[in-house]
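Spelled out, the chains give:
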Amino acid sequence: KGFSTPFCGMFRTSGGIYTGDDSRERELQTLQEQMRVLKQQPPSSSPSSSPNGRKSRFGLQQSRSSPKSNTNQRRINKLQTRIHALQAELAHNQLELSRANLRTDLCSVHCLGVLQSDYTRYLYTSTPPPTFLKRSCCHILTPVIIFLVAGWCSGHIRSEYMNSLVCTSLVWFIVVWIVVGCVRGRKKRVAVREEMLWRLYRRELKWAERMEERKKKRGMKGLLLSGMSANRHDVDDLDADDDDDDTYEYYSEDEEEYDPTSAHLYGQTRFEMNCAHRMFGCYPADVDAFGHGPNGPSGEKNDDTGDESGYVLQSSGNDGSKNQYPDLCTNLWNIFTYPLLPCFNWSCCGSPNSYGCHLQFCGLCGLAQEAREANISIPRHYRMMDYITMEPFLKYYPKIVQLRLLGRNGSFLDHCRALSHLSTILLQAWLLIIVILLSLSLWDAVRFWKLADFAVLTATFLQSFIVMYMVHWGWHRYDLSIDAVIKYFACGFVLCTGMAFTIEASQYLSMKLVLVLVVKFLGVSEVKDNGFGGMTIKMDNWSDVHARLLQFVGNDEGFYDSRRHLSGERDILQGFFDRNPWAVLVYSFLTSYIMAGLVEEVCKYFGFVMVDHPDFCSEREMAKAKEIMPTLLFGHETHVGGDDVELTASRSTVESKETRLTVTESPFATFDPKNQRRSLSSIRAGVTVAMVAVALGFTCCENVVYILVYNRSSLTAELATLVMKSMFPIHAVCAAIQSIHVCR
């Protein structure tokens, strides 16, 4: 439906699949074919004429290479150089794109897609996201204040009628306020989706026009070379025009105006665009249950148009060159990618040629699809900016490089002065929360939060900070910047913890549902109250298999006299464990290593992937980013191309004296991309420290929950839990082990 990847394609395009523009692949295939043709040509040689007609020492006629053979060899050498360069570029693009797709898929899930939505909208419309203060006032403070006013009115308005009227009106106002905010946010997301489809549609039209012009030029070039024209300059002009066509613009000032009535030409109707970003709903499937798109199976050609299907599916194993690296998350996500109700046709709802639907929540899959399209259409060096603040990397990274070049001469304050705007906001937010909690602990009116609790919270943070200081500052402060440490720690504290707790909660609810169904199937309603020893059942017409199953679970009539009703799943499990002690080991293994360990370790790795930091950018990416930094800093007009993005700056602004001075004085003006060259040992150390920082952030948040939520019986219990957690930093150790494979 207008995009290069399927709607329900999260984690399916990050398993080693390159879903970008395949023009480089086609060029590589063409060069390889030319190489094969040149190598198949027989070498031509001419006999050498000696003065006396003498032969060589072996009695053979001496020969020498002809000019044609030398020309072929030079062509072969040039083709080999170009082929090697293209292969390296394709490998780099594939690796970068797979990482970018995984990062955007994960960012589309967190915070209900707010982070990725702001990022994508900024890339395409240059619209900065609202500030954190504005969002807090609109979406949190305003509803809370209205709710508190409603509570005050309910206790101070004596008239029963007026009390009910005012309180009900305020509560409904809160509901309307939240709904209106959701509708406005959905309209913004739909507008971005429509803008992307419009640009992609214009790109295809411009590309078709350029291809038609190129065919005509090639025909003219053939006529000129055949002898119909003796002017060699005409041929050179045509060659120059062909070189200019390689990079083109499809979004220019003289472009046609957007026509909302022609939305169906962009691949999706207005109904489908709205379905992609509803809070709850269904999205008409772009591929059916067999992996077939509108043009038939993935990768096959349409008989009518001859075009290849634009859908790249991880599950289709027909194309082994693109589907040979499925990872764990890809295989797990494939279970949820099959459309529901594949026999239902959505043509009646405004979605032609769509069978089946995908259940979606808050438009998460739609945001991920749009983000993957941005990764494909916008080159890497234009996406090198922080989330939330949209600050380009080279606006703060040159200061970090200068400290790295100074070596041990830089102090801790110097490193703090080189922080990005995002890291500064994170530190300010943390300090604000600490001050608020300290104030509450000193306020006598608040009884649930004492000064001792605040001291335990401070000790919990200090424990993580001390470990981070020992790992980073002592030996690897120049392998990974403090700015990166703050971002990775915050990602582990907020994002990874939220993801892990959500997945573990869903696993717990699923297991509880299974137990309830088993109890309903067995007909168990009561258990013996002495040690959960047996179960009382309704003995109706049970089959022999059913009776054996009950005996296996634990049914011993007459063993206890008193009975009580089931109070939870623990009653069922404990009764089963009393009858089958071996099951305790199996249950402990599943809950520790599968439900908890595997989930938490994967979430910590995802935290490392989600953070994009210039410490791990290549020299080539930094060099390209430096070229376009003046335009990004001064907010010039952005034009997105098919193979590249060209930012056209205003001549009056660039040529002004103030702008030239500002650009010259900027830190990136003296930044040398060659300084990004680092040894492999330094990069390995940076990866390890980054993953340990994510793990320590995750550990810190987990310790806060375990100590101040689960063990608030006494101060002694809180301190004992903190000491035990500090003695066994299992998350940091596992992250260091994980980093070994990531470094490889």
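Remember, predicted model here, so these are calculated numbers, not experimental data. (Residues numbered from 1 in each chain as written. Predicted model: local features only at pLDDT ≥ 70, side-chain atom pairs only at ≥ 80, totals over all residues. Heavy atoms only, no water.)

Trainee: How should empty space enclosed by the protein be read in this particular structure?
Mentor: If a probe as big as a water molecule is rolled over the atoms, it shows which places are left empty. By the definition in use, this model includes 2 cavities of 30 Å³ or more. In this model, the largest cavity occupies a volume close to 80 Å³. In terms of lining residues, the largest cavity is bounded by I400, L403, R404, H415, A418, R477, Y478, L480, S481, I482 and D483. Breaking the lining of the largest cavity down by element, the ones donating at least two residues are helix 10 (397–406) and helix 14 (482–522). The dominant element in the lining of the largest cavity, judged by the number of residues it contributes, is helix 10, at 3 residues. Looking at the lining of the largest cavity residue by residue, the class counts come to 6 nonpolar, 2 polar and 3 charged. There is about 50 Å³ of room inside the second largest cavity. Contributing to the lining of the second largest cavity are A100, R103, T104, Y119, N375, R380, R383, Y387 and D612. When residues of the lining of the second largest cavity are assigned to their parent elements, the largest contribution, 3 residues, is made by helix 2 (residues 67–109). (1 Å grid on protein atoms, 1.4 Å probe; cavity = no way out; pocket = protein on both sides within 12 Å on 5 of 7 lines; lining within 4 Å. Points joined across faces, edges and corners; volume = space filled by probe spheres on them. Helix = DSSP H or I, 4+ residues; strand = E, 2+ residues; numbered from the N terminus. Nonpolar A, V, L, I, M, F, W, Y, C, P; charged D, E, K, R; others polar.)

Trainee: Would you explain the sheet that holds strand 3 (residues 280–284) in this entry?
Mentor: Whenever strands of a sheet pair, they do so through backbone hydrogen bonds, lying parallel or antiparallel. Pairing is antiparallel in the open sheet, where 3 strands are placed in the order 3-7-6. Looking at strand neighbours, the two that pair on one side only are strand 3 and strand 6 (340–345), the edges of this open sheet. Each adjacent strand pair in this sheet contributes to an overall mean axis angle of 40 degrees, direction not counted. Relative to strand 7 (residues 355–361), strand 6 runs antiparallel, the two being bridged by 2 bridges. Paired with N345 across the two strands is Y355, which belongs to strand 7. (Pairing = 2+ DSSP bridges. Axes fitted to C-alpha atoms, helices over the stretch in contact; angles between N-to-C directions.)

Trainee: Honestly, the pattern of salt bridges in this entry has me stumped. Any pointers?
Mentor: Pairs can form between side chains of opposite charge whenever their charged atoms are close. What the rule picks out here adds up to 17 salt bridges. Across the salt bridge formed by R199 and E195, the nearest N and O atoms sit 2.8 Å from each other. With R199 and E195 both in helix 5 (residues 160–228) and 4 residues apart, this pair spans about one turn of that helix. A residue is classified by how much of its surface remains accessible, and R199, at 4% relative accessible area, is buried. Notably, a salt bridge pairs E601 with K604, separated by 3.0 Å at the nearest N-O pair. Of the two residues, E601 and K604 both sit in helix 17 (residues 582–610), 3 residues apart, roughly one turn of that helix. Among the charged side chains, a salt-bridge network with shared partners connects R103, R380, D612 and E621. (Salt bridge = Lys/Arg side-chain N within 4 Å of Asp/Glu carboxyl O. Buried < 20%, exposed > 50% of the residue type's maximum accessible area, 1.4 Å probe, protein only.)

Trainee: Would you explain unusual backbone geometry in this entry?
Mentor: Excluding glycine, a negative phi dihedral is what most residues carry, and trans is how most peptide bonds are arranged. Despite not being glycine, I388 has its phi angle at roughly 70 degrees, a positive value. In this structure, I388 sits in the loop between helix 9 (364–377) and helix 10. The class of I388 is partly exposed, set by a relative accessible area of 46%. In this structure, M390 is a non-glycine residue whose phi angle is positive, near 55 degrees.

Trainee: Just checking my understanding: could you explain the nonpolar core for this structure?
Mentor: Soluble globular proteins tend to pack their nonpolar side chains together in the buried interior. In terms of nonpolar packing, the biggest core is built from 76 residues, with F11, L106, L123, Y488, F606, F608 and L708 touching the most fellow members. Counting residues per element, this core draws most heavily on helix 21 (residues 680–710), at 14 residues. Discounting residues that sit within four places of it in the chain, F608 has contacts with Y488, V687, A690, M691, V694 and V742. Among the nonpolar cores identified, the runner-up in size contains 15 residues, and L394, M622, F668 and F671 belong to it. (Core = buried A, V, L, I, M, F, W, Y, C linked by side-chain atoms within 4.5 Å. Contact = heavy atoms within 4.5 Å.)

Trainee: For this particular structure, what's the right way to read the environment of A623?
Mentor: By secondary structure assignment, the location of A623 is in helix 18 (residues 619–633). On a C-alpha basis, the gap between A623 and F671 in space is 9.5 Å, while along the polypeptide they are 48 residues apart.

Trainee: Is there a simple way to explain the environment of H476 in this structure?
Mentor: Along the chain, H476 falls in the loop between helix 13 (451–473) and helix 14. Look at H476 and you get partly exposed, because its relative accessible area is 25%. Put simply, H476 and A685 are 209 residues apart on the chain and 6.9 Å apart in space, counted from C-alpha to C-alpha. If we ignore the near neighbours within four places in the chain, the residues touching H476 are V471, A685 and V689.

Trainee: For this particular structure, what's the right way to read the packing of aromatic side chains?
Mentor: Here a ring pair, both rings aromatic, is described through the centre-centre distance and the interplanar angle of the planes. Evaluation of the coordinates by the stated rule reveals 20 aromatic pairs. Ring geometry for F412 and W473: centres 5.5 Å apart, planes at 75 degrees, overall edge-to-face. Of this pair, F412 sits in helix 11 (residues 412–417) while W473 sits in helix 13, and the two are 61 residues apart along the sequence. A ring pair is formed by F461 and F465, whose centres lie 6.0 Å apart and whose planes are at 40 degrees; its orientation type is tilted. A residue pair is termed a helical-turn pair when its members lie 3 or 4 positions apart in one helix, as F461 and F465 do in helix 13 at 4 residues. The class for F461 is buried, based on a relative accessible area of 9%. Among the aromatic residues, those joined into a ring-pair cluster are W430, F461, F465, F489 and F493. Stacked on the ring of W473, the Lys or Arg R477 has its end atom at 4.0 Å from the ring centre. (Phe/Tyr/Trp six-rings, centres within 6.5 Å; stacked < 30°, edge-to-face > 60°. Lys NZ or Arg CZ within 6 Å of the ring centre and 35° of its normal.)

Trainee: Just checking my understanding: could you explain the packing of helix 21 against helix 22 (residues 715–727) for this structure?
Mentor: Two numbers describe a pair of packed helices, the interaxial angle and the distance between the axes. Here helix 21 crosses helix 22 at 155 degrees, and the two axes come no closer than 9 Å. Considering their axes alone, helix 21 and helix 22 lie roughly antiparallel with respect to each other. Here the hand of the crossing between helix 21 and helix 22 comes out right-handed. Between helix 21, through E702, N703, Y706, I707 and L708, and helix 22, the contact on the second element is made entirely by E718, T721, L722 and K725. Across the contact of helix 21 with helix 22, the residue classes break down as 4 nonpolar, 2 polar and 3 charged. (Parallel < 35°, antiparallel > 145°, perpendicular 65-115°, else oblique. Left-handed = near helix turned anticlockwise from the far one by under 90°.)

Trainee: What is the right way to read the packing of helix 17 against helix 23 (residues 730–743) from this model?
Mentor: In contact at an axis separation of 11 Å, helix 17 and helix 23 are set at 60 degrees when each is read in the N-to-C sense. What the angle tells us is that helix 17 and helix 23 run oblique. Classified by chirality, the crossing of helix 23 by helix 17 is right-handed. Between helix 17, through E600, E601, K604, Y605 and F608, and helix 23, the contact on the second element is made entirely by H731, C734, A735, Q738 and V742. A class-by-class count of the residues in the contact of helix 17 with helix 23 yields 5 nonpolar, 2 polar and 3 charged.

Trainee: Help me understand a nonpolar patch on the surface, please; the structure alone is not making it clear to me.
Mentor: Together, L328, L332, I335, F336, W582, V586, F589, L590, Y593, I594 and L598 make up an exposed nonpolar region whose accessible area comes to about 1,100 Å². Within the secondary structure layout, I335 lies in the loop between helix 8 (328–333) and strand 6. (Patch = residues over 30% accessible without salt bridge, like charges linked within 9 Å, V, L, I, M, F, W, Y side chains within 5 Å. Areas by Shrake-Rupley, 256 points an atom, 1.4 Å probe, with all protein chains shown as cover.)

Trainee: Please explain helix 21 as it appears in this structure.
Mentor: Quick reminder: α-helices carry 3.6 residues per turn. Residues three or four places apart thus point the same way. Over its 31 residues, helix 21 runs 43 Å from end to end, which matches the ideal 45 Å to within 8%, given 1.5 Å per residue. When you tally the buried positions in helix 21, you get 23 out of 31 residues, the bulk of the element. (Expected span 1.5 Å × (residues − 1).)

Trainee: Help me understand the confidence of the model for the protein chain in this model?
Mentor: The predicted coordinates ought not to be read in detail in places where the model reports low pLDDT. The pLDDT averaged across the protein chain works out to 75; a share of 70% of its residues lies at or above 70. A low-confidence stretch, residues 242–255 (pLDDT under 50), is modelled with 38 contacts involving residues beyond four sequence positions or located in other chains. (pLDDT = per-residue confidence, 0-100.)

Trainee: What is the right way to look at the state of the cysteines in this model?
Mentor: Note: disulfide means a covalent bond formed between the sulfur atoms of two cysteine side chains. For the coordinates displayed, the defined rule picks out 0 disulfides. With no disulfide of its own, C138 lies closest to C137 among cysteine sulfurs, the gap being 6.7 Å. In this structure C138 comes out as partly exposed when scored by relative accessible area, which is 29%. (Disulfide = S-S within 2.5 Å.)

Trainee: Got a minute to help me understand the side chain of H472 in this structure?
Mentor: Locating H472 in the fold gives a position in helix 13. With residues up to four places along the chain from it excluded, the contact list for H472 reads R477, L480, S481, I482, V485 and V689.

Trainee: Help me understand helix 22 in this model?
Mentor: The end-to-end C-alpha distance of helix 22, which contains 13 residues, comes to 18 Å, matching closely the 18 Å that a straight helix rising 1.5 Å per residue would cover. Considered for burial, the residues of helix 22 that qualify are E718, T721 and L722. Buried residues of helix 22 fall within an arc of 100 degrees about the axis and therefore sit on the same side. The exposed set on the far side of helix 22, more than 90 degrees from its buried face, consists of T716 and M727. Where the residues of helix 22 are buried, they touch helix 13 and helix 21. (Arc of directions from axis to C-beta.)

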